[in-house]
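Each chain, written out:
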Amino acid sequence: MDIEQFRKAGYQAIDRICDYYYSLEERPVVSQVQPGYLREALPESAPEKGEDFQLIADDYQKHIIPGMSPWQHPSFFAYFPTAGTFEGMLGDLYCSSIPTPGFNWSCSPAATELEAVVMDWGAKLFGLDSQFLNSSGIGGGVIQTTASDSALVAVVAARSRYIRQYHTDVKQEDLIMYTTTQTHSLGLKAGLVLGLTCRALEVKIEDQFALREAVLRSAIEEDKKRGKHPFIIIATIGTTSSGAIDRLDEIGEVVKDYPSLWIHVDAAWAGVTLACPEFREVAMLDSINQYADSFCTNFHKWGLVNFDASAMWVRNRKDLTDALDITPEFLRSKHGDAGTVIDYRNWHLGLGRRFRSLKVWFVLRSYGAEGFRNYIRAGIDLNNYFATLVRGSSNFSLVTEPSFALTVFRIVPPSVTDPIASQTLLNSLNQSFHARISARHDIWLTQTMINGIFCIRFAVGAARTTKAHIDKAWKLINEEAEVVLANLGQEGRD
Ligand SMILES: *Cc1c(COP(=O)(O)O)cnc(C)c1O
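Owing to the predicted nature of the structure, the values given are computational and were not obtained by experimental measurement.

**Student:** Help me understand the overall build of the protein, please; the structure alone is not making it clear to me.
**Tutor:** Scanning the protein from N- to C-terminus turns up 15 helices and 11 strands. For the protein, the C-alpha radius of gyration of 24 Å lies close to 23 Å, the compact-globule estimate for 494 residues. Projected onto the principal axes, the alpha-carbon positions of the protein cover approximately 80 × 70 × 45 Å. A total of 494 residues make up the protein; the buried ones form 52% of that total.

**Student:** What is the right way to read the environment of V272 from this model?
**Tutor:** In this fold, V272 is placed in the loop between β5 (262-266) and α10 (285-291). Of the residues examined, V272 reaches a relative accessible area of 0% and is grouped as buried. Here the alpha-carbon distance between V272 and I376, two residues 104 residues apart in the chain, equals 7.6 Å. Not counting residues within four places of it along the chain, the set of residues in contact with V272 comprises F126, T297, N298, W302, G303, F372 and I376.

**Student:** Just to check I follow, could you spell out the nonpolar core for this structure?
**Tutor:** A general feature of soluble globular proteins is that nonpolar side chains tend to end up buried together. Counting 104 residues, the largest nonpolar core has F126, F372, F409, F433, F458 and I477 as the members making the most contacts within it. If one sorts the elements of this core by residue count, helix α13 (residues 357-391) sits on top with 12 residues. Residues lining this core come from more than one domain, with at least three contributed by each of domain 2 (100-355) and domain 3 (365-493). Sequence-distant contacts of F433, that is, excluding residues within four places in its chain, are made with F396, F409, I411, I456, I477, E480, A481 and V484. Ranked by size, the runner-up nonpolar core spans 33 residues in total, among them V153, V156, A158 and W347.

**Student:** Which parts of the structure should I look at to understand the packing of aromatic side chains?
**Tutor:** A ring pair, where both rings are aromatic, is described by two values, the distance of the centres and the angle of the planes. Applying the stated criterion to the full structure yields 27 aromatic pairs. On the numbers, 5.2 Å between centres and 75° between planes, the contact of Y344 with W347 is edge-to-face. On the basis of relative accessibility, which here comes to 0%, the residue Y344 falls in the buried class. For W347, a relative accessible area of 3% translates into the label buried. Among the aromatic residues, ring-to-ring pairing joins F77, F386, F396, F409, F433, F458 and W474 into one connected group. In this structure, R457 packs its charged tip against the face of F80, placed 4.7 Å from the ring centre.

**Student:** Would you mind going over the pairing of strand β1 (residues 140-144) with me for this structure?
**Tutor:** Looking along a regular strand, one sees side chains alternate from face to face of the sheet. Most of β1 is tucked away, with five of its five residues classed as buried. Burial along β1 is two-sided: the face carrying G140, V142 and Q144 and the face carrying G141 and I143 are both buried. Summarising the sheet, β1 and strand β7 (residues 310-314) pair through five bridges and their orientation is antiparallel. Following the sheet pairing, G141 is matched in β7 by W313.

**Student:** Would you take a moment to explain the domain arrangement of the protein for this structure?
**Tutor:** In many reports, interface size means the accessible area that the parts give up when they come together. Parsing the protein into structural domains produces domain 1 (3-68), domain 2 (100-355) and domain 3 (365-493). A straight line from the C-alpha centre of domain 1 to that of domain 2 covers 38 Å.

**Student:** Would you mind going over the environment of I143 with me for this structure?
**Tutor:** Relative to the helices and strands, I143 is located in strand β1. Residue classification places I143 among the buried residues on the basis of a relative accessible area of 1%. C-alpha separation for the pair I143 and F295, spaced 152 residues apart in sequence, amounts to 12 Å. Beyond its immediate sequence surroundings of up to four residues, I143 is in contact with E115, M119, A309, S310, R353, R356, S357 and V360.

**Student:** Looking at this structure, how should I read the sheet that holds β5?
**Tutor:** Note: strands within a sheet are paired through backbone hydrogen bonds, in either parallel or antiparallel orientation. Reading across from one edge, β1-β7-β6-β5-β4-β2-β3 is the order of the seven strands in this open sheet, with mixed pairing throughout. Every other strand in the sheet has two partners, leaving β1 and β3 (197-201) as the edge strands with one partner each. Averaged over neighbouring strand pairs, the angle between their axes works out to 20° when direction is ignored. Helix-sheet contacts for helix α9 (residues 248-257) involve β4 (229-236) and β5, and the interaxial angle to β5 is about 165°.

**Student:** What am I meant to see in the environment of L196 here?
**Tutor:** With respect to the element layout, L196 can be found in the loop between α7 (186-194) and β3. Residue classification places L196 among the buried positions, given a relative accessible area of 7%. For the pair L196 and L175, spaced 21 residues apart in sequence, the C-alpha separation works out to 6.6 Å. The residues touching L196, leaving out its near neighbours within four places in the chain, are V155, R159, Q172, L175, M177, G191 and F231.

**Student:** What is the right way to look at the site of the ligand in this model?
**Tutor:** In the vicinity of the ligand lie 15 residues, with A147, S148, D266, N298 and K301 positioned nearest. Between the ligand and D266 there is a distance of 2.6 Å, counted from a nitrogen atom to a side-chain nitrogen or oxygen. H300 has a polar side-chain atom sitting 3.5 Å from an oxygen atom of the ligand. Bound to the protein, the ligand loses 88% of the 390 Å² it would expose on its own. Grouping the constituent residues of the shell around the ligand by class yields five nonpolar, eight polar and two charged.

Procedures and definitions
Residues numbered from 1 in each chain as written. Predicted model: local features only at pLDDT ≥ 70, side-chain atom pairs only at ≥ 80, totals over all residues. Heavy atoms only, no water. Helix = DSSP H or I, 4+ residues; strand = E, 2+ residues; numbered from the N terminus. Rg over C-alpha atoms; globule rule 2.2 N^0.38 Å. Buried < 20%, exposed > 50% of the residue type's maximum accessible area, 1.4 Å probe, protein only. Contact = heavy atoms within 4.5 Å. Core = buried A, V, L, I, M, F, W, Y, C linked by side-chain atoms within 4.5 Å. Domains from an automatic or database assignment. Phe/Tyr/Trp six-rings, centres within 6.5 Å; stacked < 30°, edge-to-face > 60°. Lys NZ or Arg CZ within 6 Å of the ring centre and 35° of its normal. Pairing = 2+ DSSP bridges. Axes fitted to C-alpha atoms, helices over the stretch in contact; angles between N-to-C directions. Near = heavy atom within 4 Å. Polar contact = N/O pair within 3.5 Å; in protein donor to acceptor, adjacent residues only side chain to side chain. Areas by Shrake-Rupley, 256 points an atom, 1.4 Å probe, with all protein chains shown as cover. Nonpolar A, V, L, I, M, F, W, Y, C, P; charged D, E, K, R; others polar.

Next comes the structure, spelled out in structure tokens:
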């Protein structure tokens, strides 16, 4: 393809993307293809002779688009939203127009410098302490691929700090990392990858599934007595299942007595709410600033930046570079040796890295801090509206209090007077309900299990969702619930 052919194909691509977005709402929100559909449709090997690009572009429309579930659909309420904005898309386009591995400052100075700048913008947007700024020269921010990578990097840095500063002779098998039963699987994954024991601490429904001081303190005392070495606690602001918020203030108090324990705060989804001053208390900003060694939130979830862009800040960048800096001769550079620049390869696991700050820059400039905050507020308002509908219904009830833009609910019909005694019945009722919802093409909700309770998650945040979509969702939810409840009445009579 030459430059002029690229120009033509590029214009067409943008036209087709615009048409796609115009038609988004009429498309199924869940892809309807069956496993293996693509293998049947495509040749077994790459073509021997190059093909005309128009043919390739048409096949993208024909074969790939139907296999994509549009997470940007306004009736997408599953998992958590995955941000998609045109600004972010253009950032990715420009980024891939000058591919660069960006591992050292000198690879492409703008790639490193823009990342350092936009991560400072992000830190300020979220109200993080000045020590987390790249401009502080002490801590700093780096874009990782996902929150799982951010957690993995945090565990690697915490382990290295623990061994260097506190227990040079500790055996790997005696190290323990803490999560809770509600922590995202990233905790277990990090343990698996690093060969470390991960202990998931029990959290209770009466604490809204938050980790509290007493649980953490007794776990530490117990493990120390057994000769074990706890070295990191992964706390969550906004857990995946239910949006629970660990009591970082209490965790911080415990860690005052055990300063060798690293606190990593995983706020992959909910961290972006820190942009709004009114949510900072709930999202524990003061405690993050006081106690966190590292903090992560994903711009690519609710934060308007197209996947991927996981933002990670550390209080002390030396903890990262001490753990991860390997500088063979071929990677040495004048500025790196002099220590006058950031070499981001020493802040993450890989060597090469994408120029992701470009799309963050585009989004933050185009929306402005005000636009960003308004977007977060709109999602929370819509979710509060949904939660009000649930509260006002006699067939449904909330399983936990709504958290930011997430509501966890289930069917509890009026005939059930003792939900605990009727747990099995309620679970199977809600499973049937969720199966019916899942068979639809026009809405997507995911399920979760919290302490034995099967429940449905309703997560708002797709950029195109409006109040009308919430009303439509509520109507569909009620229609499906009525069928399930009618069947229940039927069975009762049999
Ligand atoms: C979504 C989510 C994650 C995982 O995010 P990735 O970026 O895909 O690794 C981790 N923690 C929480 C709380 C999440 O909501």
